[in-house]
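Coordinate analysis (summary)
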Amino acid sequence: VPMSLFDKTDDRLLYGTQEVHSSADYVIAILKDALIAKRIAPGDKLPSETELARRFSVSRSSIREAIKILSAFGVVESKRGDGTYVAKEANDTFVFKPLLFSFILTQPDFRELQELRFMLEDYILQLVLQRYSVNDLQILEACNNQLKQCKERHPQNAEEILHYDLQFHWLLVRIAQNKLIEKIYIFVLDYFKPYIRRGIENPATVIEEAGYPHDAIIQAIKEKDPQKAHAAIRRSITIWKQLLTVN
């Protein structure tokens, strides 16, 4: 990696408005800004520990601490005898997700959760209307049919119902074909999972009266109708709210 990618003057300018708690924080911020500015890219090999310490005017121990933190977050990976590389892609199976824990500690109330879910799902569905293929629709319908059959045959099997419910939403966001939105939405679904499970486990008859909200979503896609799509998402989230509040 050419060291111009880590030009210290530029990095200090980029980093100048941020609060620095330690030298390791400073190093992490420089690497983060370099990634954002595309001065380094996924898969790039980082300079040696000694070279980074020299360029950033910090100790080697600070570089080691920064690399250890970034490695724990899945941002970089060290290869024994070869060096440290920027990860080629995000590890979605990674157990510790800093953004998720930050979200949890924020303790949002249900109104905020409802608004976030509606904002994301409403826009995702608008993208789906523009970008879906016949094959996409067939796969989505097959998933929805499996979900309905599971509800009818195994209404007490909350885990299986949850699996197909989440799969339906994962399919929707993949059909939307926006990697950034997909990453954010998968993270949000991870946070919402316990709430969705609670709704599934609620014995309230509202679930029977409401029918299957995913049917309305699929119908809106078939008709390529933005208004029906908007209404279907709002209805789906209203049902979700009812399932969480009705005893």
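This write-up is about the structure you can find in this document. (Residues numbered from 1 in each chain as written. Predicted model: local features only at pLDDT ≥ 70, side-chain atom pairs only at ≥ 80, totals over all residues. Heavy atoms only, no water.)

Here the focus is the overall build of the protein chain. The helix and strand tally for the protein chain stands at 12 helices and 2 strands. In sequence order, the secondary structure elements of the protein chain are arranged as α-α-α-α-β-β-α-α-α-α-α-α-α-α. Going through the 247 residues of the protein chain one by one, you find that 40% of them count as buried. Residue pairs in contact within the protein chain that sit at least 24 positions apart in sequence constitute 71% of those at least 6 positions apart. On the protein chain, roughly 14400 Å² of surface is accessible, and the fraction owed to carbon and sulfur atoms is 53%. (Helix = DSSP H or I, 4+ residues; strand = E, 2+ residues; numbered from the N terminus. Buried < 20%, exposed > 50% of the residue type's maximum accessible area, 1.4 Å probe, protein only. Contact = heavy atoms within 4.5 Å. Areas by Shrake-Rupley, 256 points an atom, 1.4 Å probe, with all protein chains shown as cover.)

Another aspect to go through is the side chain of His214. Mapping His214 onto the fold places it in helix α11 (residues 213-223). Not counting residues up to four positions away in its chain, the partners in contact with His214 are Asn144, Leu147, Asp165, Phe168 and His169.

So, on to empty space enclosed by the protein. Going through the model one piece at a time under the given rule, you end up with 1 cavity of 30 Å³ or more. Here the largest cavity defines a volume of roughly 270 Å³. Residue lining of the largest cavity: 19 residues in total, with Lys151, Asp165, Pro213, Ile239 and Leu243 positioned closest to the centre. If you list the elements that add at least two residues to the lining of the largest cavity, you get α7 (134-153), α8 (158-175), α9 (179-201), α11 and α12 (226-245). Residue composition of the lining of the largest cavity, grouped by class: 10 nonpolar, 5 polar and 4 charged. (1 Å grid on protein atoms, 1.4 Å probe; cavity = no way out; pocket = protein on both sides within 12 Å on 5 of 7 lines; lining within 4 Å. Points joined across faces, edges and corners; volume = space filled by probe spheres on them. Nonpolar A, V, L, I, M, F, W, Y, C, P; charged D, E, K, R; others polar.)

Okay, the nonpolar core next. Grouped together as the largest cluster of nonpolar side chains are 45 residues, with contacts concentrated most on Val128, Leu172 and Ile221. Here this core gets 10 residues from one element, more than from any other, and that element is α8. When neighbours within four sequence positions are excluded, Leu172 is seen to be in contact with Ile124, Leu125, Val128, Leu140, Ile217 and Ile221. In terms of nonpolar packing, the next biggest core, distinct from the first, is built from 19 residues, Leu31, Leu46, Phe56 and Val86 among them. (Core = buried A, V, L, I, M, F, W, Y, C linked by side-chain atoms within 4.5 Å.)

Moving on, we get to the packing of aromatic side chains. Under the criterion given, the structure shown has 2 aromatic pairs. Their ring planes at 65° and their centres at 6.2 Å tell us that Tyr191 and Phe192 sit as a pair that is edge-to-face. Of the two residues examined, Tyr191 and Phe192, each falls in the buried class. Here the aromatic residues Tyr191, Phe192 and Tyr195 are joined through ring pairs into a cluster of three or more. Positioned over the ring face of Tyr85 is Lys79, at 4.5 Å from the centre of the ring. (Phe/Tyr/Trp six-rings, centres within 6.5 Å; stacked < 30°, edge-to-face > 60°. Lys NZ or Arg CZ within 6 Å of the ring centre and 35° of its normal.)

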